[in-house]
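Working through the structure, step by step
What follows is each chain in one-letter form.
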Amino acid sequence: LKQMKQLIFLLALFTALSTSAQDFKGLYGVGLAVGEPSGFSIKKFNSATHAFQYTLGYSTTGNSGINLGVDFLLHDYEFISANKGSIPLYYGLGAHVKSYENESQIYVRVPLGVSYQFKDFPADVFFEFSPGIAVIPSPNLVVNFGVGGRFYFDIKRAVKKVEGTI
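Worth saying up front: this structure is predicted, and the values here are computed from it rather than measured.

Turning to unusual backbone geometry, a few remarks are in order. That bond from Glu 36 to Pro 37 is cis: its omega, 0 degrees, falls within 30 degrees of zero. By the secondary structure assignment, Pro 37 is in the loop between β1 (28–36) and β2 (38–45). In the segment running from Ile 136 into Pro 137, the intervening peptide bond is cis, with an omega of 10 degrees. Among the structural elements, Pro 137 can be located in the loop between β8 (123–136) and β9 (140–153).

What follows concerns the confidence of the model for the protein chain. Per-residue pLDDT for the protein chain averages 85, and the proportion of residues at 70 or more is 81%. A low-confidence stretch, residues 18–24 (pLDDT under 50), is modelled with 16 contacts involving residues beyond four sequence positions or located in other chains.

Here the idea is simple: oppositely charged side chains can pair when their charged atoms come close. In this structure the tally under the stated criterion is three salt bridges. As a salt-bridge pair, Arg 109 and Asp 71 come within 2.5 Å of each other at their nearest N and O atoms. On the criterion of sequence distance, the pair formed by Arg 109 in strand β6 (residues 103–109) and Asp 71 in strand β4 (residues 65–76) is long-range, its members being 38 residues apart. For the pair formed by Arg 109 and Asp 71, the shared burial category is buried. In this structure, Arg 150 and Asp 124 form a salt bridge, with 3.3 Å as the shortest nitrogen-oxygen distance. Note that Arg 150 is positioned in strand β9 and Asp 124 in strand β8, a separation of 26 residues in sequence. Looking at Arg 150, the relative accessible area reads 2%, which means it is buried. Taken together, the salt bridges that share partners define one network made up of Asp 71, Arg 109 and Glu 128.

Conventions adopted
- Residues numbered from 1 in each chain as written.
- Predicted model: local features only at pLDDT ≥ 70, side-chain atom pairs only at ≥ 80, totals over all residues.
- Heavy atoms only, no water.
- Helix = DSSP H or I, 4+ residues; strand = E, 2+ residues; numbered from the N terminus.
- pLDDT = per-residue confidence, 0-100.
- Contact = heavy atoms within 4.5 Å.
- Salt bridge = Lys/Arg side-chain N within 4 Å of Asp/Glu carboxyl O.
- Buried < 20%, exposed > 50% of the residue type's maximum accessible area, 1.4 Å probe, protein only.

Now the structure itself:
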């Protein structure tokens, strides 16, 4: 009986995530980025044009190490048009921490990017260039860049559907 409940829960969760994904522009995008740093990318839209982007990656250039950061992004959907989907340009401001060997580096950056958001599929692909400056331990130029993609879903809607199914 316990295993049956677990199976029903997993099926309900999968169904909820799939169903809410079809509505797209749910609030969360989760995916991967390859570049500097390479790793996980999470994007949370607060409105159609405002989002927070979270990064957990590994830097391989210079002093290699774990990179953790957050960016606030503004999106411009008017600059480039597309027949299907949309191509927003985005820009913003962020703060990141890079931990390597026995030191940590804290830097601010200005992400500049472009993404393609599919019309009928809850995903996007993106390219981003982010120049910045380290403030700790000493001033230093920092350059991040990446190519990646994210799958979007609405966590709140998924939880409600799972609760309604059980």
